[in-house]
Amino acid sequence: MTETAPRTEPIVLVEDVHTYYGKSHILHGVTLHVQPGEVVGLLGRNGVGKSTTLKTIMGLVQPSRGSVRLDGNAITGLPTHKLARLGIGYVPEDRRIFGLLTVMENLRTGLDRKGVTEERKAALLDKVFTYFPVLAERSNQAGGTLSGGEQQMLAIARAMMLEPKIILLDEPTEGLMPRMVSQIRQIIDVLHREGVAILLVEQNVPLTLEASERVYIMEKGLVCHHCAASEINVDDPVVKQYLGV
Ligand SMILES: Nc1ncnc2c1ncn2[C@@H]1O[C@H](COP(=O)(O)OP(=O)(O)OP(=O)(O)O)[C@@H](O)[C@H]1O
Ligand SMILES: [Mg+2]
């Protein structure tokens, strides 16, 4: 599906990306963009290539064709750590927090980088502890002892330590209890208010439609539909066709 060109320079622009795992052709020409400060949902059934799209943006898999741009600059093929430094935050499906490190040590892994003053570090920690008071309470506890929802918060908070321009969130509410889901939902709003763009991969359709400004729907390695989130609702035929069980 072709997409109309964005009006201003997107923070992330993915164009005609093809990605393989070995000989399996997974992404068949994915095109999407996220504007600065925009929350964009990426929906689709299991196995359609949502996580692979995020991994391709994040340099964890290399596309065989197509390009990824950050702020207008080609970033295709750059290593993940460089992309993180350039302003892309990534919270993978499995969260990847350090289970044996304390909450504080987990957060510090994102802070110990060049050019960040002690004052700035303290301010960043202060900010996440305000947003996630439970992390302040548990700052000396090993990450692995946190509940699933708390680990998700820690993963998002750690991504925030790098002061990203955009965060790629891969199914942040998967497997969480309803109370935790609404907390994650609030965090998305907080990030949005702070001007951080978000590309939100989710299976939770109502939450995604509510939290996002635009949504893309994928099927079989391609974007098959995109629209303003306000244009569709959970009962829409499009939702039934591409996301219904
Ligand atoms: N490392 C891998 N090696 C080979 N095939 C893979 C690998 N990772 C994913 N795949 C396959 O690629 C396809 C897309 O996977 P992907 O994880 O991107 O889907 P998804 O949309 O994120 O699905 P889910 O909703 O289950 O997370 C699936 O068929 C999957 O089995
Ligand atoms: Mg996935």
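Each remark here, short or long, concerns the structure printed above.
Residues numbered from 1 in each chain as written. Chains lettered and ligands numbered in written order. Predicted model: local features only at pLDDT ≥ 70, side-chain atom pairs only at ≥ 80, totals over all residues.

> Honestly, the overall build of the protein in this entry has me stumped. Any pointers?
For the protein, the helix and strand inventory stands at nine helices and ten strands. On C-alpha atoms alone, the protein measures out to a radius of gyration of 18 Å, which is about the 18 Å that the 2.2 N^0.38 rule sets for 245 residues. A principal-axis box enclosing the C-alpha atoms of the protein has dimensions of 50 × 40 × 35 Å. Out of the 245 residues in the protein, the part that is buried amounts to 39%. Expressed as a percentage of contacts within the protein between residues at least 6 apart in sequence, the contacts between residues at least 24 apart total 68%. (Helix = DSSP H or I, 4+ residues; strand = E, 2+ residues; numbered from the N terminus. Rg over C-alpha atoms; globule rule 2.2 N^0.38 Å. Buried ≥ 20, exposed ≤ 12 C-beta atoms within 10 Å, placed from the backbone. Contact = placed C-beta atoms within 7 Å.)

> Looking at this model, I keep getting lost on the site of ligand 1. Mind explaining?
Taken together, Y21, S24, I26, G44, N46, G47, V48, G49, K50, S51 and T52 make up all the residues around ligand 1. Within the residue set of the shell around ligand 1, elements represented by two or more residues are β2 (24-34) and α1 (50-57). When residues of the shell around ligand 1 are assigned to their parent elements, the largest contribution, three residues, is made by α1. Partitioning the shell around ligand 1 into residue classes produces three nonpolar, seven polar and one charged. (Near = placed C-beta within 6 Å. Nonpolar A, V, L, I, M, F, W, Y, C, P; charged D, E, K, R; others polar.)

In short, geometric facts, not functional conclusions.
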